[in-house]
Amino acid sequence: MSMSTPWQRTAEGAGLLSADGRVRASIFAEMSALAQATGAINLGQGFPDEDGPEEVLSAARSAISGGMNQYPPGIGLPVLREAIAEHQARFYGLEVDADHETLVTAGATEALAACILSLVEEGDEVVTLEPFYDAYGGLIALAGGNHRTVPLRLPHFQPNHDELRAAVTDRTRLILINNPHNPTGTVLPQETLELIVELAHEHDALIVTDEVYEHLTFGQQHIPIATLPGAWERTLTISSGGKTFNTTGWKIGWVTGPARLLTQVLAVKQFLTYVNGAPFQPAIAVGLGLPDAFFTGIAADLRTKRDVLSAGLANAGFEVFESQASYFVVADAAPLGYTDAAQLCRELPELAGVVAVPISAFCHDDLGAEYASLVRFAFCKRVEVLELAAAQLGDLRR
């Protein structure tokens, strides 16, 4: 008689395994495979189709040619840790110790994994916003935690403060915030961030904040929660270079926060990837030091792309919600007569030659039903690709 392992039981509970024990593909893998199989335009997965700045690419090539191809230090190369600390001071006025308060990771996902696995014990509660990036639920389950969510309410995808207060209790170990938010593109206002800090103090919880879209906002101010009074000592801030510098395949991320918390995170991180991306670390350091015009320019460029796709979606008959940040815009297919976005996304390659992702894939069943007709589209593509996708989506009205 076969016995399931603790990992299998946990993975099944997290929805990571199917009933026959196979690893369940993520919605991103499923939709990207569909795009590849059909030749459809992939607006499902959030990766750019243009390279990042030449200064960054050239720095990586130079590092490879210069022999920087072996294991870097476990906490990351000094040049990148110093660049991260300087970035936090330059943009946010945060004084971060490069040697003790920064940790380089294999992208933001490993940073999330190391934070959650190191800080959450069996039965601890972790509060997130909902919809939530799919890795959150899986990692919380693998840590043995209980996942509680606070829904982002239409039409602006903001949390109700009373619901937030009710979700955070003395059982809460982590409040995990994604801001700017994927998949909705919303930016949390300062009053919501202040409430999160207040609740963390009231219930002795820690805050983990995923800020990978920090430089990709459209007229909204990004406020790192760690900058608020009383937040730093209980906050771990995660970001990465992938989204900012169009280098998603390099997987260079980082965590900043108090040394006492980072020490716990490092204890787990060293048994995940150990280290990664030696020649890419100095290249991302170059990127973080680029002039202000670069950072304002990438946001302006992405805003233009957002507007192109949003206008195309509206012309096709979708109800479009304004994206304040990130790579993504959410649109409601109900005005077109499609009430099941998951089914629509599986049919879109044939209907319009486009791939997208249903918002229900980022939700538990209850909220997924409420958001059943909502679709996430990625606009981090070349303008001509977005214009073609918009024209093809117009076929849905005919």
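Residues numbered from 1 in each chain as written. Predicted model: local features only at pLDDT ≥ 70, side-chain atom pairs only at ≥ 80, totals over all residues. Heavy atoms only, no water.

Quick notes on helix α8 (residues 190–202)
- The end-to-end C-alpha separation of α8 is 18 Å, in line with the 18 Å expected for 13 residues at 1.5 Å each.
- Against the buried residues of α8 lie β5 (158–159), α7 (161–167), β6 (172–178) and β7 (206–210).
- At the C-terminal side of α8, Asp204 shows a positive phi close to 55 degrees. (Helix = DSSP H or I, 4+ residues; strand = E, 2+ residues; numbered from the N terminus. Expected span 1.5 Å × (residues − 1). Contact = heavy atoms within 4.5 Å.)

Some details on the state of the cysteines
- The full count for this structure, using the stated rule, is 0 disulfides.
- Here Cys363 is not disulfide-linked; the sulfur of Cys345 is the nearest cysteine sulfur, at 13 Å.
- Overall, Cys363 belongs to the buried group, its relative accessible area being 12%.
- Between Cys380, a cysteine without a disulfide, and Cys345, which holds the nearest cysteine sulfur, the sulfur-to-sulfur distance is 16 Å. (Disulfide = S-S within 2.5 Å. Buried < 20%, exposed > 50% of the residue type's maximum accessible area, 1.4 Å probe, protein only.)

Section: the packing of helix α5 (residues 107–119) against helix α6 (residues 134–142)
- The geometry of α5 relative to α6 is characterised by a closest axis approach of 9 Å and an angle of 30 degrees between their N-to-C directions. Between α5 and α6, the angle is such that the two are roughly parallel. As α5 packs across α6, the resulting crossing turns out to be right-handed. Residues Thr109, Leu112, Ala113, Ile116 and Leu117 of α5 form the contact with α6, whose participating residues are Ala135, Tyr136, Leu139, Ile140 and Leu142.
- Residues of the contact of α5 with α6, tallied by class, amount to 9 nonpolar, 1 polar and no charged. (Axes fitted to C-alpha atoms, helices over the stretch in contact; angles between N-to-C directions. Parallel < 35°, antiparallel > 145°, perpendicular 65-115°, else oblique. Left-handed = near helix turned anticlockwise from the far one by under 90°. Nonpolar A, V, L, I, M, F, W, Y, C, P; charged D, E, K, R; others polar.)

Focus: the domain arrangement of the protein chain
- Domain annotation for the protein chain reports domain 1 (24–51 + 294–397) and domain 2 (54–289).
- With 32 residues of domain 1 at the contact, the number on the domain 2 side is 40 residues.
- On the domain 1 side of the interface with domain 2, the three residues burying the most area are Phe295, Gln324 and Phe362, jointly 24% of the side's total.
- Connecting domain 1 to domain 2 are 1 salt bridge.
- Applying the counting rule to domain 1 against domain 2 returns 13 residue pairs in polar contact (both at pLDDT 80 or more).
- Secondary-structure elements contributing two or more residues to the side of domain 1 that touches domain 2 are α11 (292–316), β11 (328–332), α13 (365–370) and β14 (374–378).
- Per-element tally for the side of domain 1 that touches domain 2: the top contributor is α11, with 7 residues. (Domains from an automatic or database assignment. Buried area = accessible area lost by both parts, 1.4 Å probe. Salt bridge = Lys/Arg side-chain N within 4 Å of Asp/Glu carboxyl O. Polar contact = N/O pair within 3.5 Å; in protein donor to acceptor, adjacent residues only side chain to side chain.)

Brief notes about the pattern of salt bridges
- Tallied over the entire structure, the rule returns 17 salt bridges.
- We note a salt bridge from Glu110 to Lys269, for which the minimum N-O separation is 3.0 Å. On the criterion of sequence distance, the pair formed by Glu110 in helix α5 and Lys269 in helix α9 (residues 259–269) is long-range, its members being 159 residues apart.
- For Lys269, a relative accessible area of 0% gives the class buried.
- Here Arg153 makes a salt bridge to Glu370, at a shortest N to O gap of 3.4 Å. Placement of Arg153 in strand β4 (residues 146–153) and of Glu370 in helix α13 is noted, with a sequence separation of 217 residues between them.
- Judged by relative accessible area, which is 45%, Glu370 ranks as partly exposed.
- Residues joined by salt bridges that share partners form a network here, namely Asp49, Arg382 and Glu384.

Thoughts on the packing of aromatic side chains
- Following the criterion strictly, the structure yields 15 aromatic pairs and no others.
- Taken together, a centroid distance of 6.3 Å and an interplanar angle of 75 degrees make the contact between Phe245 and Phe295 edge-to-face. Within this pair, whereas Phe245 is found in the loop between β8 (235–240) and β9 (253–256), its partner Phe295 is found in helix α11, the two being separated by 50 residues in sequence.
- Phe245 gets classed as buried once you look at its relative accessible area, which sits at 1%.
- For Phe295, a relative accessible area of 5% corresponds to the buried category.
- Grouping aromatic residues by their ring pairs yields a cluster made of Phe91, Tyr92, Phe245, Phe294 and Phe295.
- Over the aromatic face of Phe328 sits the side chain of Arg376, whose NZ or CZ is 3.6 Å from the ring centroid.
- Positioned above the aromatic ring of Phe47 is the side chain of Lys381, whose terminal nitrogen or guanidinium carbon lies 3.7 Å from the ring centre. (Phe/Tyr/Trp six-rings, centres within 6.5 Å; stacked < 30°, edge-to-face > 60°. Lys NZ or Arg CZ within 6 Å of the ring centre and 35° of its normal.)

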